[in-house]
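# Coordinate analysis (summary)
Below, each chain spelled out in residue letters.
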Amino acid sequence: MIYMDNAATTKMSERAFEAMRPYFMEQYANPAGTYSFASGCSAAVENARKQVARVIGAKANEIYFTSGGTESDNWALKGAAQAMEAKGKHIIISAIEHHAVLHSAQALEKQGWEITIMPVDGDGVVTADAIEHAIRPDTVLVSIMAANNEIGTIEPIAEIGAVCRKHGVLFHTDAVQAVAHIPLDVAAMNIDLLSASAHKFHGPKGVGFLYVRKGLRLASFMDGGAQERRRRAGTTNVAGIVGMGAAIEEAHANMEASMARVSAVRDHMIARIEKEIPYCRLNGHRTNRLPGNVNFCFRFIEGEGMLMLLDANGICASSGSACTSGSLDPSHVLLAIGLPHEIAHGSLRLSLSEETTMEEADKAIDALGEIIPRLRSMSPLYEDFVRNNK
């Protein structure tokens, strides 16, 4: 098997797995307990909080543990909206946000909030100047993702953060695809709220965190208990949190080398595809993109057929976000960068990791070199195109 869907989820690292192991069968106490058996679990959770904070340039008391990126995004938007309602009811997001942000914004819109959805250019970039022009006196929150989960484009987060701080507007970034893959510093980038999920950087599924800048008022998201300093109720997922701390620390320590290695494989794949497969289009910014993201549209074919034939060749890939893999509609991200429906339907996302080898990359491209002509040979659209261009 060749696994090239790391944007959907990553393989857990051995270090993270081993760090978690004791907290299932040996140190299984609820850290909220007052007895000494619980204190070890509580200390492990607080150590993980420090590990997470160090990676993004935050303080430990600014990290709140959640069930993952979706919860963190929901809490950031809805919690900020509730806390800032007296100042205004206007929020700005981009057209290519993850559905956790898009749908949270839609839910707020039904409650009377006004949402401005910023367009992006053909590479998927929204500029700080565009954000500044969209900010109004009643704007209370801007939410722009750090890097897109489908096309890999890295947004100018530091510049957008500076604009938001200048105007006294809260700035949230969905950094689920970016944390531990590219450098991030919440203080230097003027980020007030940041969402992340452990399973995107070789940690366990079902755990993530929300960074909340110290002094920021944010409404509680879950009621019930006093966990997470009374802001997020629910029994603490000790094993998951410990695994996330170990995974993020390991990924951050290896980040510079990983970026160089994965980017080299990515660029090799992009070069081969563009050279060997006609009528294809690279999606996302050519250089300012996530190290492991390769996203193309191939004309005259359907992405679903391509994925099935890749799977038959032992290659795991996707046509976009795993959260919408059951949808027959084309990606909202590809439509937002200006692609027509018929081209957007032929999309393919290959997302790499540190374990992806150059040999695996070549095998995947060789397979595509056979699959795409096969699918096009069955396409009446391609037949008409060839006939009309003879």
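Structural notes, computed from the coordinates.

Helices and strands together make up the secondary structure of the chain, namely 15 helices and 12 strands. Relative to the 2.2 N^0.38 estimate, which gives 21 Å for 390 residues, the radius of gyration of the chain is 22 Å and therefore close to what a compact globule would have. Its C-alpha atoms give the chain principal-axis dimensions of roughly 75 × 55 × 35 Å. Accessible surface computed for the chain: about 16900 Å², of which carbon and sulfur atoms make up 52%. Seen as two clouds, the 37 positive and the 45 negative side-chain charges of the chain have centres 4 Å apart.

One can find Arg-349 in strand 12 (residues 347–351). A polar atom in the side chain of Arg-349 sits 3.2 Å from the side chain of Asp-5. A polar contact is formed between the side chain of Arg-349 and the backbone oxygen of Asn-149, at a distance of 2.6 Å.

In this structure, Ser-197 sits in strand 7 (residues 193–197). Setting aside residues up to four positions removed in sequence, Ser-197 forms contacts with Gly-68, Gly-69, Val-176, Val-207 and Gly-208.

Where nonpolar side chains cluster on the molecular surface, the patch consists of Tyr-28, Tyr-35 and Phe-37 and spans about 360 Å² of accessible area. Among the structural elements, Tyr-35 can be located in the loop between helix 2 (22–25) and helix 3 (36–56). On the accessibility criterion, Tyr-35 (47% relative accessible area) is partly exposed.

Further remarks concern the environment of Phe-201. Within the secondary structure, Phe-201 sits in the loop between strand 7 and strand 8 (208–212). By relative accessible area, Phe-201 is classed as buried at 1%. Among residues more than four places away in sequence, those in contact with Phe-201 are Thr-10, Val-179, Ala-180, His-181, Met-244, Ala-247, Ile-248 and Ala-251.

Unlike most non-glycine residues, Arg-229 shows phi in positive territory, near 55 degrees. Turning to its location among the elements, Arg-229 is positioned in helix 8 (residues 227–230). Phi angles above zero are rare outside glycine, and Arg-230 is one such case at about 65 degrees.

This part takes up the sheet that holds strand 6 (residues 170–174). Reading across from one edge, 2-8-7-6-5-3-4 is the order of the seven strands in this open sheet, with mixed pairing throughout. Across the chains shown, the open sheet's two edge strands, defined by having one partner strand only, are strand 2 (63–66) and strand 4 (114–118). Strand-to-strand, the axes of this sheet are offset by a mean angle of 20 degrees, without reference to chain direction. Direction of pairing for strand 2 relative to strand 8: antiparallel, over a ladder of four bridges. Bridged to Thr-66 within strand 8 is Gly-208.

Take the sheet that holds strand 12 next. Taken together, three strands build an open sheet; the order of strands is 9-10-12 and the sheet is antiparallel. Sheet topology places strand 9 (280–282) and strand 12 at the edges, where each strand pairs with a single neighbour. For this sheet, the mean inter-axis angle between neighbouring strands, taken without regard to orientation, is 25 degrees. Where strand 9 meets strand 10 (residues 293–298), three bridges bridge the pair, whose relative direction is antiparallel.

Calculation notes
- Residues numbered from 1 in each chain as written.
- Predicted model: local features only at pLDDT ≥ 70, side-chain atom pairs only at ≥ 80, totals over all residues.
- Heavy atoms only, no water.
- Helix = DSSP H or I, 4+ residues; strand = E, 2+ residues; numbered from the N terminus.
- Rg over C-alpha atoms; globule rule 2.2 N^0.38 Å.
- Areas by Shrake-Rupley, 256 points an atom, 1.4 Å probe, with all protein chains shown as cover.
- Lys, Arg positive; Asp, Glu negative; His and termini not counted.
- Charge placed at Lys NZ, Arg CZ, Asp CG, Glu CD.
- Polar contact = N/O pair within 3.5 Å; in protein donor to acceptor, adjacent residues only side chain to side chain.
- Contact = heavy atoms within 4.5 Å.
- Patch = residues over 30% accessible without salt bridge, like charges linked within 9 Å, V, L, I, M, F, W, Y side chains within 5 Å.
- Salt bridge = Lys/Arg side-chain N within 4 Å of Asp/Glu carboxyl O.
- Buried < 20%, exposed > 50% of the residue type's maximum accessible area, 1.4 Å probe, protein only.
- Pairing = 2+ DSSP bridges.
- Axes fitted to C-alpha atoms, helices over the stretch in contact; angles between N-to-C directions.

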